[in-house]
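# Observations on chain architecture
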Amino acid sequence: MQILDGKIVAQHVKNELKTKTDLLKAEGKRVPHLAAILIGSNGASETYVASKVKTCHEIGFKSSLIRFDENIAESDLTAAIERLNNDEDIDGILVQLPLPQQISEEKIISLIHPDKDVDGFHPVSIGKLVQGLPAFIPATPYGIMLMLEHYKIETSGKHAVVIGRSNIVGRPMSILLSQNTYPGNCTVTVCHSRTTNLKEICLQADIIVAALGKPGFLTADMVKENAVVIDVGITRVPDTTKKSGFAIKGDVDFENVAPKCSYITPVPGGVGLMTIGALMMNTYNAALLNKG
Ligand code: GUN
């Protein structure tokens with residue numbers, strides 16, 4: 001069993017981007033600039049956005065953090081996005097989700113200019129992804145693809161089971177794994193809360209992507225020998241032994257599943273670390289698109 005180490009792969013991605021950014025600086029060119037919008041004070045969102053901003057700094061990208069109160073009116077948020085869309089110095093825009101209930105996520109995402117949609121959530125980005133066109137790929141599935149590629153994991157002809165059908169992870173993941181490139185060329189089964197024979201389907205899987213947000217859900221009896229298991233779960237569960245008061249738990253019962261696997265991602269230290277690297281890749285590519 002080999003661990004797919006998100007720290008190593010993410011560092012590799014960041015080093016590559018830093019080298020490219022140093023080169024831009026040396027040539028007197030502008031560096032990629034990411035704008036992050038954070039609304040309210042959700043603990044997890046605060047942590048994610050802080051990591052995104054910190055990573056920009058490490059690589060040499062510019063970043064702008066725009067914060068709004070939980071009670072912001074939708075019109076104020078749309079005005080802020082319009083401003084960023086029209087600001088030639090901004091290459092990528094991300095609005096950290098979830099949003100407060102008075103704001104329509106769908107409306108806000110579709111307001112971001114597709115050329116600046118570094119989260120890859122805009123309908124244009126998803127449409128391009130489905131058609132196999134160059135597109136901003138949502139950070140989590142993109143991070144998983146980078147990991148599979150880094151460890152040269154064979155995917156062609158394999159049966160991949162994706163548990164979860166969210167717009168952010170499961171759905172784009174299933175599209176990417178079925179595409180006619182490497183990594184890809186899998187036969188993909190998408191499972192979800194209404195799937196009746198999940199265990200039987202998982203037992204047929206060469207690759208399982210668990211992205212349902214239920215800690216410890218995927219147990220050893222659901223996994224065949226030598227499967228590749230990718231754990232997307234990052235649920236905070238109360239843990240009084242931790243300074244923060246919580247531990248991060250994945251969707252996989254790692255202790256019992258790992259011995260059966262050929263490869264497995266740990267939580268923490270796996271997919272979660274890759275997502276920021278993937279976002280940075282998208283931001284770099286957005287800067288290439290932006291001739292501002
Ligand atoms: N909330 C959870 N994951 C994400 C993500 O990838 N992007 C944004 N913007 N918000 C999120």
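Now for a quick tour of the structure. (Residues numbered from 1 in each chain as written. Predicted model: local features only at pLDDT ≥ 70, side-chain atom pairs only at ≥ 80, totals over all residues. Heavy atoms only, no water.)

### Focus on the overall build of the protein chain
Along its length, the protein chain carries ten helices and eleven strands. On C-alpha atoms alone, the protein chain measures out to a radius of gyration of 19 Å, which is about the 19 Å that the 2.2 N^0.38 rule sets for 292 residues. On the principal axes, the C-alpha backbone points of the protein chain span a range of 50 × 40 × 35 Å. For the protein chain, buried positions account for 48% of its 292 residues. At a minimum sequence separation of 6, the contacts of the protein chain that also span at least 24 residues come to 70%. Carbon and sulfur atoms make up 52% of the accessible area of the protein chain, which amounts to about 13800 Å² in all. Taking the 29 positively charged and 31 negatively charged side chains of the protein chain as two groups, their mean positions are separated by 2 Å. (Helix = DSSP H or I, 4+ residues; strand = E, 2+ residues; numbered from the N terminus. Rg over C-alpha atoms; globule rule 2.2 N^0.38 Å. Buried < 20%, exposed > 50% of the residue type's maximum accessible area, 1.4 Å probe, protein only. Contact = heavy atoms within 4.5 Å. Areas by Shrake-Rupley, 256 points an atom, 1.4 Å probe, with all protein chains shown as cover. Lys, Arg positive; Asp, Glu negative; His and termini not counted. Charge placed at Lys NZ, Arg CZ, Asp CG, Glu CD.)

### With respect to the environment of A135
Along the chain, A135 turns up in the loop between helix 5 (123-131) and helix 6 (139-150). A relative accessible area of 24% places A135 in the partly exposed class. Once residues lying within four places of it in the same chain are set aside, the contact partners of A135 are S125, K128 and L129.

### A look at the sheet that holds strand 4 (residues 92-95)
With parallel pairing, the three strands of this open sheet are ordered in space as 3-2-4. At either margin of the open sheet sits one strand with a lone partner, and together these are strand 3 (62-68) and strand 4. The mean angle between the axes of side-by-side strands here comes to 15 degrees, regardless of whether they run parallel or antiparallel. Relative to strand 3, strand 2 (residues 33-39) runs parallel, the two being bridged by seven bridges. Within strand 3, the position partnered with A36 by the bridge is L65. Across the sheet, helix 2 (residues 43-59) is in contact with strand 2, strand 3 and strand 4; its angle to strand 3 comes to roughly 160 degrees. (Pairing = 2+ DSSP bridges. Axes fitted to C-alpha atoms, helices over the stretch in contact; angles between N-to-C directions.)

### Notes on unusual backbone geometry
The step from L97 to P98 runs through a cis peptide bond, and the omega angle for that step is 0 degrees. Inspection of the secondary structure assignment puts P98 in the loop between strand 4 and helix 4 (105-111). Omega for the bond connecting V267 with P268 falls within 30 degrees of zero, at -5 degrees, which places this linkage in the cis form. Structurally, P268 is set in the loop between strand 11 (261-264) and helix 10 (271-289). For K152, which is not a glycine, the phi torsion comes out positive at approximately 50 degrees. The residue K152 is located in the loop between helix 6 and strand 5 (159-163) in this model. Using a relative accessible area of 71% as the deciding quantity, one classes K152 as exposed. Even without glycine at this site, N185 takes up a positive phi of about 55 degrees. Inspection of the secondary structure puts N185 in the loop between helix 7 (170-178) and strand 6 (187-191). What makes N185 partly exposed here is its relative accessible area of 30%.

### A closer look at the sheet that holds strand 6
If you walk across this open sheet you meet the six strands as 1-11-8-7-5-6, and the pairing is parallel. Sheet topology places strand 1 (2-3) and strand 6 at the edges, where each strand pairs with a single neighbour.

### Here we look at the site of the ligand
Taken together, K52, L94, V95, Q96, L97, D119 and F121 form the complete shell of residues around the ligand. Within the backbone of V95, a nitrogen or oxygen atom sits 2.8 Å from a nitrogen atom of the ligand. At 3.3 Å from a nitrogen atom of the ligand is found a side-chain nitrogen or oxygen belonging to Q96. In isolation the ligand offers 280 Å² of accessible surface; the protein chains occlude 81% of this area. Residue classes in the shell around the ligand are distributed as four nonpolar, one polar and two charged. (Near = heavy atom within 4 Å. Polar contact = N/O pair within 3.5 Å; in protein donor to acceptor, adjacent residues only side chain to side chain. Nonpolar A, V, L, I, M, F, W, Y, C, P; charged D, E, K, R; others polar.)

### A closer look at the pattern of salt bridges
Pairs may arise between side chains of opposite charge once their charged atoms sit close together. All told, the structure shown has eleven salt bridges when counted by the stated rule. Among the ionic pairs, K107 bridges to E74, the shortest N-O distance being 2.8 Å. Of this pair, K107 sits in helix 4 while E74 is found in helix 3 (residues 74-86), placing the two residues 33 residues apart along the sequence. Each of R30, K62, D89 and D91 takes part in one network of salt bridges that share partners. (Salt bridge = Lys/Arg side-chain N within 4 Å of Asp/Glu carboxyl O.)

### Some points on the pairing of strand 8 (residues 227-231)
With five of its five residues buried, strand 8 lies for the most part within the structure. Alternating positions in strand 8 separate into two faces, A227, V229 and D231 on one and V228 and I230 on the other, with burial throughout. Bridge analysis of strand 7 (residues 207-210) against strand 8 gives four bridges, and the strand direction is parallel. By the bridge assignment, A210 is partnered in strand 8 with D231. For strand 8 and strand 11, the ladder comprises three bridges, and the chain directions are parallel. The residue of strand 11 that forms the bridge with V229 is I264.

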